[in-house]
Amino acid sequence: MNAIQITGLSRDYGKRRVVDRLELTVGSGELFALLGVNGAGKSTTIKMLCCLTAPTEGDAALMGHSVRTDSHRAKEVLAVSPQETAVAPGLTVAENLALMAGVYGRPRTRVSEVMEQLGLAQWARQRAKTLSGGWQRRLSIAMALVSQPEVLFLDEPTLGLDVLARRELWGVIRGLKGRTAIILTTHYLEEAEALADRIGIMAAGKLRAVGTPEELKALAGCLTFEDAFVALAGEEAAS
Amino acid sequence: MRMLAFARRNTKELLRDPLTLFFGLGFPLVLLVLMNVIQRNVPVQIFALETLAPGIALFGLTFLALFSGLLLARDRSTAFLSRLAASPMTAADFLLGYLLPLLPMAVGQSAVCLAAAVALGLPLSWNLPAVVLSLIPSALLFIALGLLCGTLFNDKQVGGMCGAILTNATAWLAGIWFDLSLVGGAFQKIAYALPFVHGADGAKAALAGDWAALPGHLLWVSAWAAALMALAVWLFRRKMVER
């Protein structure tokens, strides 16, 4: 079964169409990177897939559960790490993770497992608001992993992290590949190139191209992935 | 289970905020002591403990609206609520999760206020627990008002509405500082159409052992609380998914 099956997914805001008839499948355990310049429609797409924004047309199924008609079941298999750090500031690291374990009905043992996995054990008793930005971001990602989701949305997961922290997180994300379907949005092209099995490039609400980094470079006739991205996501491609 | 996990989180967030403790417990006690001191220094009966204590206990509950509204509005202003909205939590899980931690807080707050009144000279009686129970519908009313404001407005607006406007409106319209019949007319009619004075009068009736008067006041407050809570749930559910 495909982890994600998107058919004709569209979203309008007034008369403006921000996501236009998206068609895409993502396999179980696949890491799919969704790229695009600001305003390309990535965030709206993620919100629709997370059941936070209702599609205007079309549908998407997560592990077979429609986001339109079976959103409660869809929500049971997904988890999201939003672009903005999303933690409860007054709770400790362990309490934040225990909250998510409770919300998804997972055993408390998941808390210590995830803390070990993301190197958070040393901060277990520290309140989230007192952590540095990098550690808060790591906690935010850990909170998405507690439920062992079948579909994971990582929205700009390494934004604001230093190089070492970013590389460490890449290791964590690589470790999830094969077990969890991951949709990764990022502005760091090298991140997508290093991690993703396939990459989709959005422009003006449309999915302009999908393929491996090598396939996209060949499609755009470019030597580097950055040049290929510019060619496929630029204004000319969008028009 | 989901709701209880969320309620535990909200309990911790509330208890770890020193403002909650100050406004929840400290401020009503300061008012009670202050009014009592004034009473002792004037020759006429203005603030009798029998009417002042239930009134202040009700007034203290207005801060529940501030606490619930601020917590919800702050959650809404961050991606934290988006994360939870993408989880299997329902609107009822959310709102009960915000409400549950505040109910024991309301009971404790009323009990502490009445205990302080006893220390200041209010006669100890078996009616005091009834006063605490009679204030539960009012607690639900203020929590519902807070959740409604927290659903609609940002934390600064909630601070203004629940922290300033609501506390003042309650103080004036609940007949805590003066008998509403002294003003009379439209003011009194409006006050009695609203739930606040019924909350105070119900608590006063419970303290006086006037059991015949109690149900009418409690029903009025309960009806308002139920209507506001239903509205909060409906609005929150609509806001959970962008349409």
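Residues numbered from 1 in each chain as written. Chains lettered and ligands numbered in written order. Predicted model: local features only at pLDDT ≥ 70, side-chain atom pairs only at ≥ 80, totals over all residues. Heavy atoms only, no water.

S.K.: Looking at this model, I keep getting lost on the sheet that holds strand E10 (residues 206-211) of chain A. Mind explaining?
M.R.: Within a sheet, neighbouring strands are paired by backbone hydrogen bonds and run either parallel or antiparallel to one another. All names here are of chain A. Taking strand neighbours across the sheet as the criterion, the 6 strands line up as E6-E7-E8-E3-E9-E10 in an open arrangement whose pairing is mixed. In this open sheet, the two strands that pair with only one neighbour each are strand E6 (78-81) and E10. Within the sheet, the average angular offset between the axes of one strand and its neighbour, ignoring direction, is 20°. Relative to strand E8 (residues 181-185), strand E3 (residues 31-36) is paired through 4 bridges, and the arrangement is parallel. If you follow Phe32 over to E8, its bridge partner there is Ile183. Against the sheet, helix H8 (residues 213-220) engages strand E9 (198-203) and E10, with an angle of about 115° to E10. (Pairing = 2+ DSSP bridges. Helix = DSSP H or I, 4+ residues; strand = E, 2+ residues; numbered from the N terminus. Axes fitted to C-alpha atoms, helices over the stretch in contact; angles between N-to-C directions. Contact = heavy atoms within 4.5 Å.)

S.K.: Hey, could you run me through the interface of chain A and chain B in this one?
M.R.: Taken together, the contact pairs 34 residues of chain A with 25 residues of chain B. The shortest N-O distance in the salt bridge between A:Glu95 and B:Lys12 comes to 3.7 Å. Where the side of chain A that touches chain B is concerned, the elements lending two or more residues are strand E1 (2-13), helix H2 (71-77), E6, helix H3 (93-103) and helix H5 (133-145) of chain A. Element by element, the count of residues in the side of chain A that touches chain B is highest for H3(A), at 5 residues. A class-by-class count of the residues in the side of chain A that touches chain B yields 20 nonpolar, 8 polar and 6 charged. (Salt bridge = Lys/Arg side-chain N within 4 Å of Asp/Glu carboxyl O. Nonpolar A, V, L, I, M, F, W, Y, C, P; charged D, E, K, R; others polar.)

S.K.: It is not clear to me how the environment of A:Pro157 should be interpreted in this structure. Could you clarify?
M.R.: Mapped onto the secondary structure, A:Pro157 falls in the loop between strand E7 (151-155) and helix H6 (163-176). Taking the C-alpha atoms as reference, A:Pro157 lies 21 Å from A:Val210; in sequence the two are 53 residues apart.

S.K.: Looking at this structure, I do not really get unusual backbone geometry. What am I missing?
M.R.: Excluding glycine, residues mostly have negative phi values, and the peptide bonds linking residues are mostly trans. Residue and element names in this part refer to chain A. Positive phi values are uncommon outside glycine, yet Arg21 reaches one of about 45°. Structurally, Arg21 can be placed in strand E2 (residues 16-27). Of the residues examined, Arg21 reaches a relative accessible area of 53% and is grouped as exposed. (Buried < 20%, exposed > 50% of the residue type's maximum accessible area, 1.4 Å probe, protein only.)

S.K.: How do you make sense of the nonpolar core when you look at a structure like this?
M.R.: Considering soluble globular proteins, one finds that nonpolar side chains tend to be buried as a cluster. In this structure, A:Ile4, A:Leu97, A:Phe153 and B:Phe142 are the most contacted members of the largest nonpolar core, which totals 166 residues. Per-element accounting of this core gives the leading share, 17 residues, to helix H3 (residues 49-77) of chain B. (Core = buried A, V, L, I, M, F, W, Y, C linked by side-chain atoms within 4.5 Å.)

S.K.: Mind showing me how you'd approach empty space enclosed by the protein here?
M.R.: It is the rolling of a water-molecule-sized probe over the atoms that shows where space remains empty. Residue and element names in this part refer to chain A. Under the defined criterion, the tally for this structure stands at 1 cavity of 30 Å³ or more. The computed volume of the largest cavity comes to approximately 40 Å³. Taken together, Ile6, Leu22, Leu24, Phe32, Leu34, Thr45, Leu49, Ile183 and Leu207 make up the full set of residues lining the largest cavity. Elements with a contribution of two residues or more to the lining of the largest cavity: E2, E3 and helix H1 (42-49). A per-class count over the lining of the largest cavity returns 8 nonpolar, 1 polar and no charged. (1 Å grid on protein atoms, 1.4 Å probe; cavity = no way out; pocket = protein on both sides within 12 Å on 5 of 7 lines; lining within 4 Å. Points joined across faces, edges and corners; volume = space filled by probe spheres on them.)

S.K.: Whenever I open this one, the pairing of E9(A) confuses me. Can you help?
M.R.: Residue and element names in this part refer to chain A. Counting buried positions along E9 yields 5 of 6 residues, so the element is predominantly enclosed. Strand direction decides the pairing type here: E3 and E9, joined by 5 bridges, are parallel. The partner of Gly36 across the bridge, within E9, is Met202. Examined bridge by bridge, E9 and E10 share 5 bridges and lie antiparallel to one another.

S.K.: Sorry if this is basic, but what is going on with a nonpolar patch on the surface here?
M.R.: All names here are of chain B. A surface patch of nonpolar side chains, amounting to about 310 Å² of accessible area, comprises Leu15, Leu21, Leu25 and Val112. Topologically, Leu21 is positioned in helix H2 (residues 18-40). The class for Leu21 is partly exposed, based on a relative accessible area of 45%. (Patch = residues over 30% accessible without salt bridge, like charges linked within 9 Å, V, L, I, M, F, W, Y side chains within 5 Å. Areas by Shrake-Rupley, 256 points an atom, 1.4 Å probe, with all protein chains shown as cover.)

S.K.: In this structure, what is going on with helix H7 (residues 127-134) of chain B? I would like to understand it.
M.R.: Because each turn of an α-helix spans 3.6 residues, side chains separated by three or four positions in sequence point in the same direction. Burial analysis of H7(B) places 6 of its 8 residues in the buried class, which makes it a mostly covered element. Residues of H7(B) that are buried make contact with helix H6 (102-120), helix H8 (136-152), helix H11 (196-208) and helix H12 (214-240) of chain B.

S.K.: Please explain the layout of surface pockets as it appears in this structure.
M.R.: Computed from the structure, the largest pocket encloses a volume of approximately 610 Å³. The wall of the largest pocket is formed by 21 residues, among which A:Lys47, A:Leu52, B:Thr78, B:Leu81 and B:Ser82 lie closest to the centre. Elements with a minimum of two residues in the lining of the largest pocket: H1 of chain A together with helix H4 (79-85) and H12 of chain B. Ranked by residue count, the leading element in the lining of the largest pocket is H4(B), at 4 residues. For the lining of the largest pocket, the residue count by class is 10 nonpolar, 5 polar and 6 charged. The computed volume of the second largest pocket comes to approximately 480 Å³. Every residue lining the second largest pocket is counted, 24 residues in all, and those nearest its centre are A:Pro89, B:Glu13, B:Asp17, B:Leu71 and B:Arg74. Elements supplying a minimum of two residues to the lining of the second largest pocket: helix H1 (2-15), H2 and H3 of chain B. When residues of the lining of the second largest pocket are assigned to their parent elements, the largest contribution, 6 residues, is made by H3(B). Of the residues contributing to the lining of the second largest pocket, the split by class is 11 nonpolar, 5 polar and 8 charged.

S.K.: Hey, could you run me through the environment of A:Met100 in this one?
M.R.: Positionally, A:Met100 belongs in helix H3. Taking the relative accessible area as the measure of exposure, A:Met100 reaches 1% and is therefore buried. Separated by 11 residues in the primary sequence, A:Met100 and A:Val111 place their C-alpha atoms 9.0 Å from one another. Ignoring sequence-local partners within four residues, the contact set of A:Met100 consists of A:Met143, A:Val146, B:Arg83 and B:Leu84.

S.K.: I would appreciate a short explanation of the packing of aromatic side chains in the present structure.
M.R.: Here a ring pair, both rings aromatic, is described through the centre-centre distance and the interplanar angle of the planes. Scanning all chains against the criterion turns up 11 aromatic pairs over all chains. Ring geometry for B:Phe27 versus B:Phe63: centroids 5.7 Å apart, planes at 85°, classification edge-to-face. Taken together, the positions of B:Phe27 in helix H2 and B:Phe63 in helix H3 put the pair 36 residues apart, joining distant regions of the chain. The exposure class assigned to B:Phe27 is partly exposed, which follows from its relative accessible area of 27%. A residue is classified by how much of its surface remains accessible, and B:Phe63, at 4% relative accessible area, is buried. Aromatic pair B:Phe94 and B:Phe236: ring centres 5.2 Å apart, planes at 50°, arrangement tilted. Here B:Phe94, found in helix H5 (residues 91-99), pairs with B:Phe236, found in helix H12; they are 142 residues apart in sequence, far enough to count as distant. The class of B:Phe94 is buried, set by a relative accessible area of 0%. Take B:Phe236: its relative accessible area is 3%, and that puts it in the buried class. Feature note: the residues B:Phe6, B:Phe94, B:Tyr98 and B:Phe236 constitute an aromatic cluster, connected by ring pairs. Sitting over the face of the ring of A:Tyr13, A:Arg11 holds its NZ or CZ atom 4.5 Å from the ring centroid. (Phe/Tyr/Trp six-rings, centres within 6.5 Å; stacked < 30°, edge-to-face > 60°. Lys NZ or Arg CZ within 6 Å of the ring centre and 35° of its normal.)

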